[in-house]
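Architecture and fold: a report
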Amino acid sequence: MVAAKFGLGEISKEQAAKLIELAKKVEKAPEGSPKNAATEDLLAYRAKLKGNDLGETALSVYYANILSGYKTHEKNLVSTFFQSMGELGTEMVKEPKAIPYLVSGYLNGVFRRGLVEARHTLATGRSPIHIRKIETPAALERKQFWGGKLNPGNWFKYVTRLMVAEDVLSFQGLKEARARQLARRIAGQEGFNTWSKKGWNRANEILFHTKEKWVEADVQATSEGLTGTSHRRRIYELMESNRPVEMTEDAYGFAAKGTFNHLSEGTLGAVTNAIAGGLDAVSIGGFKPGRIIVPFTRIITNVVNNSLDYTPVGYIRAARGVRGFKTFEDNQITKGTFKELSREERQ
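Note that the coordinates shown come from a computational prediction; the quantities given were computed from them, not determined experimentally.

**A word on the nonpolar core**
Across soluble globular proteins, nonpolar side chains have a tendency to be buried as a group. With 15 residues, the main nonpolar core has Leu-88, Leu-102, Tyr-106, Phe-171, Leu-174 and Ala-177 as its most contacted residues. Every residue in contact with Leu-102, bar those within four places of it in the chain, is listed here: Leu-88, Glu-91, Met-92, Ala-177 and Gln-181.

Quick look at the structure:
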């Protein structure tokens, strides 16, 4: 019964008991990163019971090798930084009064929560950035080669972890910058002069970025048995969870777009999904030959898509108010690539 519920074949009583134990941990875990971590542990164990495909592991090792050069990480950091500056610069032009909030938010996000989250990602392989819902950890996060730390095979996972940690820095910076921009708008609508101390303090209250909220979050994080980096991460998360849902979702989307960590949209997104589906269709024990030729599709598409927004294509998109065509939603391959643009996105 347990095996069928988790989509597995025949398993032992011990394995079934372990699945139930992990499922209960997910159920009891506090909302946020603790529940996400528990869910990833459950998904990882389920994948382990299914068996790690040799082909999938080999392909992951191949990816790690082509991404391991220092120039790759240098380019990733530099390109993400300049993309972030472009996003912030655009907002500054559109809303000059928000410049102090955007700047302070970005710096605060990078050097406070960003560094904490990046360190956590390097240590655990877990990221605060989720393209879709919580997913099964990557093959190299689940695979333990013999020899432990003495086996270089167990070091490959740190290549991907470092790439993600680099994105996390800019992601947290952009997310906090956007949140502060939105908080300033609310404070302004309430009649506050947002360039005054009272206006600044009101924006912080809207963000729940106050000493009182820090103390409350500190107490809860401590009660959950957390220490060190995990404790500080949880404090930031708890404080952020008090913010309006619309604000957190908007800020998350802004940061995801600014670091190319989102699902591909529009016609290019539809084409990318079709290509990715074709590449993944040929699988030999988890090894996908097509991925050697074209290893990354989503990120390339997002880079091109975002660049097109600053060309005549961007004017066409703004005039239409959408990316892609509504008929995309009727096809399983292209479903999710059609997007209606908000008024602000069209500006």
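**What to know about the pattern of salt bridges**
Side-chain pairing between opposite charges can occur once the charged atoms of the two side chains come close. Applying the stated rule across the entire model yields 26 salt bridges. Taking the shortest distance from any N to any O, the salt bridge between Lys-175 and Glu-240 comes out at 2.8 Å. Residue Lys-175 is found in helix 8 (residues 157-189), and its partner Glu-240 is found in helix 11 (residues 228-241); the two are separated by 65 residues along the sequence. Like Lys-175, the residue Glu-240 is buried in the burial classification. One salt bridge connects Arg-234 with Glu-224, and the closest N-O pair in it is separated by 2.9 Å. Pair noted here: Arg-234 is in helix 11 and Glu-224 is in the loop between helix 10 (211-223) and helix 11, with a separation of 10 residues, a long-range link. Taking the relative accessible area as the measure of exposure, Arg-234 reaches 3% and is therefore buried. On the accessibility criterion, Glu-224 (25% relative accessible area) is partly exposed.

**Looking at helix 16 (residues 312-320)**
Side chains three or four residues apart in an α-helix point the same way, a direct result of the helix having 3.6 residues per turn. Listing the buried residues of helix 16 in full gives Gly-314, Arg-317 and Ala-318. Projected onto a plane normal to the axis of helix 16, the buried residues spread over an arc of 100° and lie on a single side. The outward face of helix 16, more than 90 degrees from its buried face, is lined by the exposed residues Pro-312, Tyr-315, Ile-316 and Ala-319. Looking at the buried side of helix 16, the elements it contacts are helix 15 (298-308), strand 1 (322-323) and helix 17 (343-346). Taken from the residues just after helix 16, Gly-321 is the one with a positive phi, measuring 80°.

**Some words on helix 2 (residues 13-28)**
The end-to-end C-alpha distance of helix 2, which contains 16 residues, comes to 23 Å, matching closely the 22 Å that a straight helix rising 1.5 Å per residue would cover. By the burial criterion, the buried members of helix 2 are Ala-16, Leu-19, Leu-22 and Val-26. For helix 2, the buried positions fall inside an angular range of 125° around the axis, keeping them on one side. Turned more than 90 degrees away from the buried face of helix 2 sit Lys-13, Glu-14 and Lys-28, all of them exposed. Against helix 1 (2-5) and helix 3 (33-50) lie the buried residues of helix 2.

**Concerning empty space enclosed by the protein**
All told, the structure shown has two cavities of 30 Å³ or more when counted by the stated rule. In this structure, the largest cavity encloses a volume near 190 Å³. Lining the largest cavity are 15 residues, and of these Asn-108, Arg-113, Glu-176, Tyr-236 and Arg-243 lie nearest its centre. For the lining of the largest cavity, the secondary structure elements donating two or more residues are helix 6 (99-124), helix 8 and helix 11. If you tally residues by element for the lining of the largest cavity, the top one is helix 6, at four residues. Volume-wise, the second largest cavity comes out at about 40 Å³. Taken together, Tyr-101, Arg-180, Ala-183, Trp-200, Ala-203, Asn-204 and Leu-207 make up the lining of the second largest cavity. Broken down by element, the lining of the second largest cavity gets its largest block of residues, three residues, from helix 9 (residues 197-206). When its residues are assigned to classes, the lining of the second largest cavity shows five nonpolar, one polar and one charged.

What counts, and at which threshold
Counting restarts for each chain: residues are numbered from 1 in the order of the written sequence. The predicted nature of this model means local features are confined to residues of pLDDT at least 70 and side-chain atom pairs, given and counted, to a pLDDT of 80 or more, with totals for whole chains, interfaces and linings taken over all residues. Only hydrogens and water are set aside; all other atoms, that is, all heavy atoms of the structure, feed into the side-chain values. Throughout this description, the term nonpolar core refers to a set of buried Ala, Val, Leu, Ile, Met, Phe, Trp, Tyr and Cys residues connected via side-chain atoms within 4.5 Å. Note on classification: 1.4 Å probe, protein chains only; a residue is buried when its accessible area is under 20% of the maximum for its type, exposed when over 50%, partly exposed between these limits. Pairs of residues are marked as contacts when any of their non-hydrogen atoms sit within 4.5 Å. By salt bridge we mean one thing: a side-chain nitrogen of Lys or Arg within 4 Å of a carboxyl oxygen of Asp or Glu. Only DSSP runs of H or I reaching four residues or more are called helices, and only runs of E reaching two or more are called strands; each is numbered from the N terminus. An arc is given here, and it is the one of the directions from the helix axis to the C-beta atoms. One less than the residue count of a helix, multiplied by 1.5 Å, gives the span that helix is expected to have. Cavity and pocket criteria rest on a 1 Å grid covering protein atoms alone: a 1.4 Å probe that fits but cannot get out defines a cavity, protein on both sides within 12 Å along at least 5 of 7 lines defines an open pocket, and an atom within 4 Å of a point defines a lining residue. Grid points are joined across faces, edges and corners, and a volume is the space filled by probe spheres set on the points. Ten residue types, Ala, Val, Leu, Ile, Met, Phe, Trp, Tyr, Cys and Pro, are classed as nonpolar, four, Asp, Glu, Lys and Arg, as charged, and the remainder, Gly among them, as polar.

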